[in-house]
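An overview of the molecular structure
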Amino acid sequence: EDLIREIDLSLITKATFYQIYSLLRLLDKALKLDGIASVEFERQLEFLAHSLEVRGFTQTQYLDIFKGFAQAVKNIIHDYFHNIHGQNLNRILSQISLDRILPKFLPEQNLEDREKLQHRVSEIFFREQIALSLGLQQLDVFLSRILTTLFQQSYKLPADQLHKLLRYDPKNAMTPIDSARNRVTGIIQLGNKGVNLVQLKSFGYPVPPGFIITTEVFRCREVVDSYPPATKNFRDQIVQNMSALEKATGKNFGDPRNPLLLSVRSGSAISQPGMMDTLLDVGNNENIAEGIALKTGNAWFAWDNYRRYLQCYGMAFGLQRDDFDAIISDWKNKQGISFKRAFSGKQMKKVALAYRELIQDAGIEILAAPYEQLYLAIKTVLDSWESPKAKTYRKIMGISDDWGTAVTVQAMVYGNISRNSGSGVIFTHNPRWSGDTLKLWGDFTIGNQGEDVVAGLVNTNPISIFQQEIEMRETDITLETHFPEIYKALKDWAHELIDNKNWSPQEMEFTFESDDIADLYLLQTRDMTIRERKKVLTFDFEEQSKAVYLGHGIGVSGGAMSGRLVFSLKEIDEWRLLEPGTHLILARADTVPDDIREIHAADGLLTARGGLTSHAAVVAHRLGKTCVVGCADLACDELVKECNFNQALVKSGDYISIDGQEGSVFKGLIKVKER
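Now for a quick tour of the structure. From a predicted model like this one, the values you see are computed outputs, not experimental measurements. (Residues numbered from 1 in each chain as written. Predicted model: local features only at pLDDT ≥ 70, side-chain atom pairs only at ≥ 80, totals over all residues. Heavy atoms only, no water.)

1. Describing the nonpolar core
- If you look at the biggest cluster of nonpolar residues, it comprises 97 residues, and the most contacted ones within it are Ile213, Ile238, Met242, Leu262, Val264, Leu374 and Ile378.
- The greatest single-element share of this core, amounting to nine residues, is contributed by helix H13 (residues 299-316).
- Other than its neighbours up to four places away in sequence, Leu262 contacts Met242, Leu245, Phe253, Leu279, Leu280, Asp281, Val282, Leu374, Val409, Gln410, Ala411 and Met412.
- Counting residues in hydrophobic clusters, the runner-up holds 48 residues, among them Ile7, Phe41, Ala70 and Val121. (Core = buried A, V, L, I, M, F, W, Y, C linked by side-chain atoms within 4.5 Å. Buried < 20%, exposed > 50% of the residue type's maximum accessible area, 1.4 Å probe, protein only. Helix = DSSP H or I, 4+ residues; strand = E, 2+ residues; numbered from the N terminus. Contact = heavy atoms within 4.5 Å.)

2. Re the state of the cysteines
- Inspection of the entire model under this criterion finds zero disulfides.
- Cys636 carries a free sulfur, and the closest cysteine sulfur to it, the one in Cys643, is 4.1 Å from it.
- Residue classification places Cys643 among the buried residues on the basis of a relative accessible area of 0%. (Disulfide = S-S within 2.5 Å.)

3. Let's talk about the side chain of Asn196
- Within the secondary structure layout, Asn196 lies in helix H8 (residues 187-203).
- On the basis of relative accessibility, which here comes to 9%, the residue Asn196 falls in the buried class.
- Setting aside its immediate chain neighbours within four residues, Asn196 contacts Trp503, Thr525 and Arg526.

4. Comments concerning the packing of aromatic side chains
- All chains considered together, the criterion is met by 24 aromatic pairs.
- Ring centres of Phe125 and Phe126 lie 5.5 Å apart, and the angle between their planes is 70°; on these two criteria the pair is classed as edge-to-face.
- Exposure remark for Phe126: the relative accessible area of 10% places this residue in the buried category.
- Arranged with centres 6.0 Å apart and planes meeting at 40°, the rings of Tyr371 and Tyr375 form a pair that is tilted. Linking Tyr371 with Tyr375, this pair stays in helix H16 (residues 370-383), spanning four residues, or about one helical turn.
- Overall, the relative accessible area of 13% leaves Tyr375 in the buried class.
- Through a chain of ring-to-ring contacts, three or more aromatic side chains come together here, namely Phe17, Phe41, Phe57, Tyr62, Phe66 and Phe69. (Phe/Tyr/Trp six-rings, centres within 6.5 Å; stacked < 30°, edge-to-face > 60°.)

5. Some words on helix H7 (residues 159-167)
- Residues Gln161, Leu162, Leu165 and Leu166 constitute the buried set of H7. On an axial view of H7, the arc spanned by its buried residues comes to 145°, and they lie on one face.
- Contact partners of the buried residues in H7: helix H2 (14-33), helix H4 (59-95), helix H6 (136-156) and helix H10 (221-226). (Arc of directions from axis to C-beta.)

6. Details of the sheet that holds strand S4 (residues 279-282)
- One open sheet accounts for five strands, arranged S1-S2-S5-S3-S4; its pairing is antiparallel. Looking at strand neighbours, the two that pair on one side only are strand S1 (174-176) and S4, the edges of this open sheet. Taken pair by pair, the neighbouring strands of this sheet meet at an average axis angle of 20°, ignoring direction.
- When strand S3 (residues 262-268) meets strand S5 (residues 405-411), the two strands line up antiparallel, connected through seven bridges. Across the sheet, the residue bridging to Leu262 is Ala411, located in S5. (Pairing = 2+ DSSP bridges. Axes fitted to C-alpha atoms, helices over the stretch in contact; angles between N-to-C directions.)

7. Some words on unusual backbone geometry
- Although it is not a glycine, Lys641 sits at a positive phi angle of roughly 60°.
- Structurally, Lys641 can be placed in the loop between strand S18 (634-637) and strand S19 (642-645).
- Accessibility expressed as a relative area gives 33% for Lys641, which makes it partly exposed.
- Of note in this structure, Gln647 is not a glycine but carries a positive phi near 80°.
- Within the secondary structure, Gln647 sits in the loop between S19 and strand S20 (648-651).

As structure tokens, then:
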């Protein structure tokens, strides 16, 4: 009975049949110990054993097998009980007087009908005999429950979903990061991000606690979403993992007095930078924000988190990033503030509530219940595999649509909690020239969450003094000078991974909540994608010296390029017809990956914000595009299709020249040559 209770029969998949088979074999042995042998039962066991080895075995075939099991048990009861005792029992009952029948066989009131009395006594007698037989009664109940579930699944699910349900293994649906189960440790199930997080945690690196929902769920998400027993099983597992996460963090999900907020991110086996959705600060609402403000004494931080969550939420329902940017820009202008960090806590609250109003005005209901937010966030990330930009990226890069994505759920860590906190991405090796020497390179920002860096939404600072000098950044802030302990810890970790663990050059995302290394966390790592090519185009020195200098940014990839400035796919298509041999350089304010079609169609990319490690910069390099990002002198207006460089105006169709290595930008055409 205990063994049977251990098997969840509310939802039966192929994985369940393995458990059922093991238990049926045990029950068969139990019957034989009691002298009961059934050829029919053994034949059904053979059926079931072979079915587990066959691909494409269907729900209806399993139903037939278990109807055969049920019939075998009926025949056992007839052969070993009814047929042996039935006639003798009837003969005895016809001759025996009522006073010689034990009280447990008699009804509370006298039965005058002798035939009914015989039926009653027989039923109780056979029930007792079956109950005394080792495992037979339990087997009968076990098979009845199995058949009930199989019939329900057959009636409630169409054939294609039944097939998916059979392939689904709920035990492989999710795993904690810090103790990944042996059955779900591979890159196909955990994704590139997930498998690296599990390894980093096993090495002892500070990875925020959490759990991974594997691609097992992605493959069967239609069944998980639409079939109530599968939905309940999935949600029960979420609650169990959340309970462990609460214990690990000492915080409570949905509790304003001590709230736990979550990051919910995608992760496929083959990395697709920025192409799928991420939702941050999940588990947030106005009560939670008030609670965080009270607990931390930092209202700006509390309402900035809520603002960020609302933006993620709204964009998941189709609102545009520009819609939210317009609100915060308007508030900055009204208050005469250049940067959001200058808002007071009350002002940031008003900005957040303006975001809320935008979402509600669009007819979108904002879920307040934290668990409903989490379920929605998970569904959003899974569904984003089919988003237009993700599908376009896979088509461009020649990646199969069949991989699917895992979902990583982790406790939030906050790079926006103060001016002593921040987030960034490091390359363990210099992306500008080949070499095996470990040298940290990348981008970081103070007082922002990591998504700001990888999405290319902010101007970033360099990691090292050496990088600052090479890139000629107009800033004296580097991670090395301003946060030396953080810099040293990252460098030590990089050395450990590359030199001692023999990992390839890495791209590592990090967040620190203070300048103490105890508050430093690794959010993910993956193989470096940006490695400079050996042959590089450069501008002709004489022509370059005569050209009109417009500004300087961060060179990401490629060399020198001259071409026409463009702002849209339509313009790109028009210029391809008019001047097929002319390079086209796409201008953008941010390096957001939503522009994957435009980036692919153009030859070069120029942006006002963003860093070397932003998703779009990485994508531009993968696509072999010449790319300059973070050009501080550039004000890009995509609506009127013009770029302003400190009063020097360049319009759509004008010639412009960019250097993807050193980051310089010039007006007009400059002759290029190969170096």
